[in-house]
Amino acid sequence: DLSITKTDGVTAVNQGDALTYTIVVSNAGPSAVTGATVTDNFPANITPGAWTCTATGGSSCTAPTGTGNLNTTVSLLAGGSATFTVSAVASGTGAVSNTATVTAPVGVNDPAGNNSATDNNTVIT
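Now for a quick tour of the structure. Keep in mind that this is a model prediction, so the values were computed, not measured.

### Describing the overall build of the protein chain
Of regular secondary structure, the protein chain possesses zero helices and eleven strands. Against the compact-globule benchmark of 14 Å for 125 residues, the protein chain has a radius of gyration of 15 Å, which places it among compact chains. A principal-axis box enclosing the C-alpha atoms of the protein chain has dimensions of 45 × 25 × 20 Å. Scored against the burial criterion, the 125 residues of the protein chain give a buried share of 40%. Here the contacts in the protein chain between residues at least 6 apart in sequence split such that 72% fall between residues at least 24 apart. Just so you have it, the protein chain exposes about 5800 Å², and 53% of that area is on carbon and sulfur atoms.

### Here we look at the sheet that holds strand β2 (residues 12–14)
The strand order β2-β11-β10-β4-β8-β6 describes an open sheet built from six strands, whose pairing is mixed. Looking along the sheet, the strands with just one partner apiece sit at the ends: β2 and β6 (60–61). Sheet analysis places strand β4 (residues 33–40) next to strand β10 (residues 94–103), joined by four bridges and oriented antiparallel. For T37, the partnering residue across the bridge sits in β10 and is T103.

### A look at the packing of aromatic side chains
The tally for this structure, following the rule as stated, stands at two aromatic pairs. With a centroid separation of 5.5 Å and 65° between ring planes, the pair formed by Y21 and F42 is classed as edge-to-face. Taken together, the residues Y21 in strand β3 (residues 18–27) and F42 in the loop between β4 and β5 (46–55) connect sequence positions 21 residues apart. Taking NZ or CZ as reference, K6 lies 4.5 Å from the ring centre of Y21, over its face. In this structure, K6 packs its charged tip against the face of F42, placed 4.6 Å from the ring centre.

Cut-offs used in this document
- Residues numbered from 1 in each chain as written.
- Predicted model: local features only at pLDDT ≥ 70, side-chain atom pairs only at ≥ 80, totals over all residues.
- Heavy atoms only, no water.
- Helix = DSSP H or I, 4+ residues; strand = E, 2+ residues; numbered from the N terminus.
- Rg over C-alpha atoms; globule rule 2.2 N^0.38 Å.
- Buried < 20%, exposed > 50% of the residue type's maximum accessible area, 1.4 Å probe, protein only.
- Contact = heavy atoms within 4.5 Å.
- Areas by Shrake-Rupley, 256 points an atom, 1.4 Å probe, with all protein chains shown as cover.
- Pairing = 2+ DSSP bridges.
- Phe/Tyr/Trp six-rings, centres within 6.5 Å; stacked < 30°, edge-to-face > 60°.
- Lys NZ or Arg CZ within 6 Å of the ring centre and 35° of its normal.

The values are spatial; any link to function lies outside them.
Given below as structure tokens:
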């Protein structure tokens, strides 16, 4: 059972301010999963910068660092997790809804319902 959470810890931000998103992908088991896809395509009024990924013991991130939108894979033991930290800048104004998703590899039965997480903000001038 894969799941994902996402937060930046705020509900409003000034245009031009830095944001730090924390995205946690977890595997409740009962089996390990190899090659789960993690995606986060940031909306136009949030400009993503660099990101890092750190996994718990025995689990791994295919790419431990990157820039821009997330589109990478993780391998997680049962009970394992991977944490992405994404730096971004509020570049527009108005309501911002940003969603991250985790998708199980083909052939892996993963119950639906907790495979996406959305963080909402208001960007003000």
